[in-house]
Amino acid sequence: MNDERITVGITVNGVTHRAVVEPRTLLVYFLREQLGLTGTHVGCDTSQCGACTVHLNGRAVKSCTIFAVQADGAEITTIEGLARDSALHPVQEGFREKHGLQCGYCTPGMIMSAVHLLQANPRPTDAEIKHALEGNICRCTGYVNIVEAVKWAAERMRGDHVSR
Amino acid sequence: MTTQRAPSGLIGASIRRVEDPLLVTGKGCYVDDIQLPGMLHIAFLRSPYPHAKIISIDTAAAKAMPGVVAVLTGDDLSEHLKVPVPSIVRGMKIPPQPVLARGAVHAAGAPVAVVAAESRALAEDATSAIEVEYESLPAVADAEKALEPGAPLAHEEFDSNVCYTVTKKGGDVDQAFAAAEHVVRMHIASPRLVAMALEPRGVLASPEPMGQGLTVWLSTQGPHRARADLATGLGFPEHKIRVIAPDIGGAFGSKGPLYREYIVAAHLALKLGRPVKWISTRSEDFLTTNQGRDQAMTSELALKRDGTMIGLKVRVAANLGAYLQSNTAGPPQRMMAMAPGCYQIRNCHVEVVAVFTNTVSTGPYRGAGRPESVLNIERLVDKAAADLGIDRLEIRRKNFIRPEQFPYKTGVGVEYDSGDYGRSLDEALRLSNYDELIRQRDQARKRGELVGVGISTFVEPSGGAGFESGAVRVERTGVITVLTGSSSHGQGHETAFAQVAAEKLRVSMDQVAIRHGDTLAVQQGVGTFGSRSAVMGGGALAVAVDRIVEKARRIAAHLLEAAPEDIVQADGGFAVTGVPEKKVTWRQVAGAAYGRLPKGMEPGLQETVFFDPKREAWGFGAHVALVRIDRETGSPTLEKLVLVDDCGVIINPMLVEGQVHGGVAQGLGEAFREQMLYGDDGEALTGSLMNYAVPRASDMPPLVLGETVTPNPFHPLGVKGVGEAGCNGAPPAVANAVMDALAPLGIDHIDMPYTAPKLWEAIRQAESKKRS
């Protein structure tokens, strides 16, 4: 065991936190237990399930696979930081509109992966959506309505873009 | 879709879920999301051996580690702390299951010691400082091998590995087989599966100040049953325990029983006077949470030459694992009760031999005996059709229980309420363009391609398992609180039940709040499993609402100075019949109920119902699958899957579709990918998501969903369950399609899962046999 403590500065959902962590603290536990942001979930211990997906400097990453110290200086967005001014992000809305969730446990990670996909590819095909969600397991929905939710959101986001 | 629609027409509408705004924003609250001041974390040291004697345990080093508060082994605990297991079959053997192993372990993953520490990491660190010396004993993992003479004993104190044997029979099987003109014999094994609810199991137990009670947050499907089992297992009074099931991240049957870690956590919380949390890791979950299926079925189906089914014999070797959970004995019973499926088979003999092995305990996993049973009969029927040269549709139609025969008592003595199996099959054929599929298959076959079409027809029993409760309370301001004993773990109870209550009370959905999952708030209840919530929780709610309406009608009559029989329900309240402007709102009725009432009328406006229809609801359906297998690689592709389900009256079509999608995904996991494997010595070979393959998004084929509606004649809402329909019908449809694809090679039967290597090997062997 290592008693060393390290001070990190991590910006989460726009707020910069200076915190002391153990070197072995995973980013997901830093978020959940030190910051109380429990929307990011832990579903496995082998980086397979994707329930812990967050954005690190704009990219979807599995926060169980990164040490908090590796995120020093980074900007993190979690599911709690996605809705702006109490308005749901279109992907969040899409999951509700298309019944893309049941128990809700995979949902935050699923949504963060989908948001990342749509930022990179605003017009994904079904196959591209499924490919982008390959790292996220859902045991409830059979993924059918998750794909529909992402398509719904994609249309909506493109529409918003045009109307501006 | 909107929740603001007119109150009437809610039942049957695809209302968006009221649960979702919190869950899509990360504001859900699962057990691990709760942190309490002074909270300790516990971690277990688990046996690496499937079967071993414990020679010695040394905890001194662990106890000396900083942050460690307590280290306990089985010898430190009272032997009265144990998992309560009901004896549901007379004479069944119940092996001891101390909450921490005492003297021996009978499965890898059995807890040997527990550490309580100031953090999860410190607790885990300390477990690795505990020294245990084991003496490995011979172990057995496979149920049929465990029944062979000379097999290792899973529990050294028993004289055999048989936990119990139980039989269901009807008619005269011997005479039927003597009169048979053809007998189909098959051996079919269902793979062992992992439920893999995405939220691992977990518990947080907190002693109340002054030592008066205990509050337990638990990832469970049934908080009231968990509370009673915890009281029994812990030796602590039930009425001083409050169990709260917060948001639950999936369960699929696996979170039904009270596992021993929960008793340990509660015990430590009381002993140490601090909140204690345990959250399973995924790896622990693979070694400790009930697994599903693993029934090996040896069957004979007796027929007349014209395809009439006259007799069925089934012998099931059901692998129970090492330790019994409270519901471990459930799935084999279920398998027996529906062994004849949709068919009139008057002479049946079904025997289950339930077997101990040195593996993780089995128990209900979505389907819980249904998928095993449907797989068995649907494979037998397809083989019978092939043997006798009868079309597989014709043989099914010829033997279906006919609509006018319901209620129908089957050959194993179980009564089905209603059904129209021919109609759902016809609808599946229509939606799949079946004749065209067959034409495509035949053309592909001429080109030497391996393409198969499979069908399955099935029943989906739901409800049952005792009662369910529902209480409806009209509050002082006229809003409505519903307390249901049927606690949810993702199904959408808060939406579906609100639809029912709002429609029947003629109010908008936002006037109704559904509360569940807290034993302090909710009257005794049972929980959610076995496709029962719409039937049992919905039934209780419907009856309670009817009683509320009747009482409120009398109050309204008093307020409106009219006779009760002249009072009718109106939007938002009641009115005098024919005089719609003479009306009162629910608020006015409630005001009177809690204010001034005439003599002889009891104050209050609350009704509690314990609903038990004394019969199950038998949904049904038909699936059609089109499978293509790459001859060179064995890789299978499910090109099309058509599903027709009949679950009676539908409360929310969107939720029903979601249940079907999810059930199908798990069924396809079973058919193509998933299997928990053990080595001959009982070592788990697929103990993580690295090597246990659950379906991913890209594994899902295009689905076509259809429905027929045969209302349940014995239910106040006309509903039947649907949660397990997808995983009942899809695997046998796929199995029949795969076997249809391989039929030209002379391959008779292969057990699921249909992985590419397994199919490749079968194809290679068949081809070399043909060449020689």
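Counting starts from 1 at the beginning of each chain's written sequence and moves along it residue by residue. To read the labels, note that chains go from A and ligands from 1, taken in the order they are written. Whole-chain, interface and lining totals are the exception, using all residues; otherwise, since this is a predicted model, local features are given only for residues with pLDDT of at least 70 and side-chain atom pairs are given and counted only at 80 or more. With hydrogens and water excluded, all non-hydrogen atoms of the structure serve as input to the side-chain values.

Some remarks on the domain arrangement of chain B
All names here are of chain B. What counts is decided by this rule: Each domain's extent was defined by an automatic or database domain assignment. By definition in these notes, contact holds between two residues if any of their heavy atoms fall within 4.5 Å. In short, buried area is how much 1.4 Å probe accessible area vanishes from two parts on joining, totalled over both. What makes a salt bridge here is a side-chain nitrogen of Lys or Arg within 4 Å of a carboxyl oxygen of Asp or Glu, nothing more. Under this definition, polar contacts are N or O atom pairs within 3.5 Å; protein pairs additionally need one hydrogen-donor-capable and one acceptor-capable atom, and for neighbouring residues in sequence, both atoms have to be side-chain atoms. Going along the chain from the N terminus, every DSSP run of H or I of four or more residues is numbered as a helix, and every run of E of two or more is numbered as a strand. We call Asp, Glu, Lys and Arg charged. Ala, Val, Leu, Ile, Met, Phe, Trp, Tyr, Cys and Pro are nonpolar, and the rest, Gly among them, are polar.
For chain B, the assigned domains are domain 1 (34-137 + 196-288), domain 2 (417-463 + 617-772) and domain 3 (465-611). Computed from C-alpha atoms alone, the centre-to-centre distance between domain 2 and domain 3 is 41 Å. Each side of the interface is counted separately: domain 2 has 18 residues, and domain 3 has 19 residues. When residues of domain 2 are sorted by the area they lose upon contact with domain 3, Gly463, Ile651 and Leu717 head the list and together hold 40% of the total. Linking domain 2 with domain 3 are zero salt bridges. Applying the counting criterion to the domain 2 and domain 3 interface returns six residue pairs in polar contact (both at pLDDT 80 or more). Secondary-structure elements contributing two or more residues to the side of domain 2 that touches domain 3 are strand S20 (450-462) and helix H17 (653-672). Broken down by element, the side of domain 2 that touches domain 3 gets its largest block of residues, three residues, from S20. Class assignment of the residues belonging to the side of domain 2 that touches domain 3 gives a composition of eight nonpolar, seven polar and three charged.

Overview of the interface of chain B and chain A
When the parts of a complex come together, some accessible area is lost, and that lost area is often taken as the interface size. On the side of chain A, 46 residues touch chain B, which itself brings 56 residues to the contact. Contact with chain A buries area across many residues of chain B, yet Val24(B), Leu198(B) and Arg696(B) alone supply 17% of it, more than any other trio. Where chain B meets chain A, there are six salt bridges. Viewed at the interface, chain A and chain B are joined by 25 residue pairs in polar contact (both at pLDDT 80 or more). Contributions of two or more residues to the side of chain B that touches chain A are made by helix H1 (20-23), helix H3 (120-127), helix H8 (282-288) and H17 of chain B. Considering every element that reaches the side of chain B that touches chain A, the biggest residue donor is H17(B), with eight residues.

Details of the environment of Gly572(B)
Residues and elements named next belong to chain B. Cut-off, in case you're wondering: Classification of residues uses two cut-offs on accessible area relative to the type maximum, computed with a 1.4 Å probe and protein chains only: under 20% is buried, over 50% is exposed, and between them is partly exposed.
Turning to its location among the elements, glycine 572 is positioned in the loop between strand S24 (567-570) and strand S25 (573-576). Judged by its relative accessible area of 29%, glycine 572 is partly exposed. Along the chain, glycine 572 and alanine 521 lie 51 residues apart, while their C-alpha atoms are 26 Å from each other. Residues contacting glycine 572, with those up to four places away along its chain left out, are Arg506, Val507, Val584, Thr585 and Trp586.

Some points on helix H1 (residues 27-34) of chain A
Residues and elements named next belong to chain A. Every buried residue belonging to H1 is among Leu27, Val28, Phe30, Leu31 and Arg32, and all of these are buried. Buried residues along H1 sit against strand S1 (6-12), strand S2 (15-21), strand S3 (53-56) and strand S5 (75-77). A positive phi of about 70° marks glycine 36, the residue just after H1.

Thoughts on the pattern of salt bridges
Here the structure, examined in full by the defined rule, presents 56 salt bridges over all chains. Across the pair Glu449(B) and Arg628(B) runs a salt bridge whose closest N-O atoms are separated by 2.7 Å. Taken together, the positions of Glu449(B) in the loop between helix H13 (434-446) and S20 and Arg628(B) in strand S28 (residues 617-629) put the pair 179 residues apart, joining distant regions of the chain. Judged by relative accessible area, Glu449(B) falls into the partly exposed class, the value being 26%. Its salt-bridge partner being Arg506(B), residue Asp571(B) comes within 2.9 Å of it at the nearest N-O pair. Taken as a pair, Asp571(B) in the loop between S24 and S25 and Arg506(B) in the loop between helix H14 (493-505) and strand S23 (512-515) lie far apart in primary sequence, 65 residues in all. Since its relative accessible area comes to 51%, Asp571(B) is described here as exposed. Each member of the salt-bridge network shares a partner with another, and the members are Arg32(A), Glu33(A), Asp32(B), Asp33(B), Arg120(B) and Lys277(B).

Concerning the nonpolar core
For clarity, the threshold we go by: Residues grouped as a nonpolar core are buried Ala, Val, Leu, Ile, Met, Phe, Trp, Tyr and Cys residues, joined through side-chain atoms within 4.5 Å.
The biggest cluster of nonpolar side chains holds 202 residues, and the ones touching the most others in it are Phe95(A), Ile42(B), Tyr164(B), Leu742(B) and Tyr754(B). The greatest single-element share of this core, amounting to 10 residues, is contributed by helix H18 (residues 725-742) of chain B. Not counting residues up to four positions away in its chain, the partners in contact with Tyr754(B) are Pro636(B), Ala671(B), Phe672(B), Val734(B), Ala735(B), Val738(B), Met739(B) and Leu759(B). In terms of nonpolar packing, the next biggest core, distinct from the first, is built from 51 residues, Val474(B), Ile548(B), Ala557(B) and Leu655(B) among them.

Here we look at helix H6 (residues 223-234) of chain B
Residues and elements named next belong to chain B. Stated formally: How far a helix is expected to stretch is found by multiplying one less than its residue total by 1.5 Å.
For H6, which comprises 12 residues, the first-to-last C-alpha distance of 16 Å matches the rise-based estimate of 16 Å (1.5 Å per residue) to within 8%. Buried within H6 are the following residues: Pro223, His224, Ala226, Arg227, Leu230, Ala231, Gly233 and Leu234. Structurally, H6 contributes buried residues whose contacts are with strand S11 (214-218), strand S12 (241-244) and helix H7 (260-272). Looking one or two places after H6, you find glycine 235, whose phi comes out positive at around 70°.

Overview of the sheet that holds S24(B)
The strands making up a sheet are joined through hydrogen bonds of the backbone, oriented either antiparallel or parallel. Residue and element names in this part refer to chain B. Operational definition: One requirement defines pairing of two strands: DSSP has to find at least two bridges between them. Note on definitions: angles span 0 to 180 degrees between N-to-C directions of axes, and those axes are lines fitted to C-alpha atoms, for helices only across the stretch in contact.
The strand order S24-S25-S26 describes an open sheet built from three strands, whose pairing is antiparallel. The open sheet has two edge strands with one neighbour each: S24 and strand S26 (579-585). Pairwise comparison of adjacent strand axes, ignoring direction, gives a mean angle of 40° for this sheet. The pairing of S24 with S25 spans four bridges and is antiparallel. Within S25, the position partnered with alanine 570 by the bridge is glycine 573. Against the sheet, helix H16 (residues 586-593) engages S25 and S26, with an angle of about 50° to S26.

A few points about the packing of helix H2 (residues 90-97) of chain A against helix H3 (residues 107-120) of chain A
Residue and element names in this part refer to chain A. To be explicit about the condition: Angles below 35 degrees are treated as roughly parallel, those above 145 as roughly antiparallel, those between 65 and 115 as roughly perpendicular, and all remaining angles as oblique. Crossings are sorted by hand: turned counterclockwise from the far helix by less than a right angle, the near helix makes the crossing left-handed, and turned clockwise it makes it right-handed.
For the pair H2 and H3, the least separation of the axes is 9 Å and the interaxial angle reads 125°. Classified by the angle between their axes, H2 and H3 sit oblique to one another. Considering only the axes of H2 and H3, their crossing is right-handed. Of the residues in H3, those in contact with Val91, Gln92 and Phe95 of H2 are Thr107, Met110, Ile111, Ala114, Val115 and Leu118.

Notes on the side chain of His41(B)
Residue and element names in this part refer to chain B. Inspection of the secondary structure assignment puts histidine 41 in strand S1 (residues 40-46). With a relative accessible area of 10%, histidine 41 lands in the buried category. Dropping the residues within four chain positions of it, histidine 41 is found in contact with Val115, Ala116, Ala117, Glu118, Ser119, Arg120, Ala123 and Lys277.

Description of the sheet that holds strand S22 (residues 480-484) of chain B
Residues and elements named next belong to chain B. Spatially, S23-S22-S21-S27 is the arrangement adopted by the four strands of the open sheet, whose pairing is mixed. The open sheet is flanked by S23 and strand S27 (606-611), the only strands paired with a single partner. Looking at each pair of strands side by side, their axes are set apart by 15° on average, direction ignored. Contacts from H14 reach S22 and S23 within the one sheet, and its direction differs from that of S23 by about 140°. In the packing of helix H15 (residues 533-560) onto the sheet, the strands contacted are strand S21 (468-474), S22 and S27, and the crossing angle to S27 comes to about 145°.

Focus: unusual backbone geometry
Note that the residue after Phe406(B), namely Pro407(B), is joined by a cis bond; omega there is -10°. Looking at the secondary structure, you find Pro407(B) in the loop between helix H11 (392-399) and strand S18 (408-409). Here the residue pair Met752(B) and Pro753(B) is connected by a cis peptide bond, since its omega of -5° sits within 30 degrees of zero. Here Pro753(B) lies in the loop between H18 and helix H19 (756-771). Within the chain, His99(A) stands out as a residue other than glycine whose phi angle is a positive 55°. On the secondary structure map, His99(A) appears in the loop between H2 and H3. A positive phi is found at Glu561(B), a non-glycine position, where the angle reads about 55°. On the secondary structure map, Glu561(B) appears in the loop between H15 and S24. You can call Glu561(B) exposed: its relative accessible area is 72%.

Notes on the domain arrangement of chain A
All names here are of chain A. Once the domains are mapped, chain A shows domain 1 (6-81) and domain 2 (90-163). Taking only C-alpha atoms into account, the centre of domain 1 sits 22 Å from that of domain 2. Counting from both sides, the interface comprises 18 residues of domain 1 and, opposite them, 14 residues of domain 2. Summed over both partners, the interface of domain 1 with domain 2 comes to about 1200 Å²; 59% of that surface belongs to carbon and sulfur atoms. The three residues of domain 1 that bury the most area against domain 2 are His41, His55 and Ile79, which together make up 40% of that side's buried surface.

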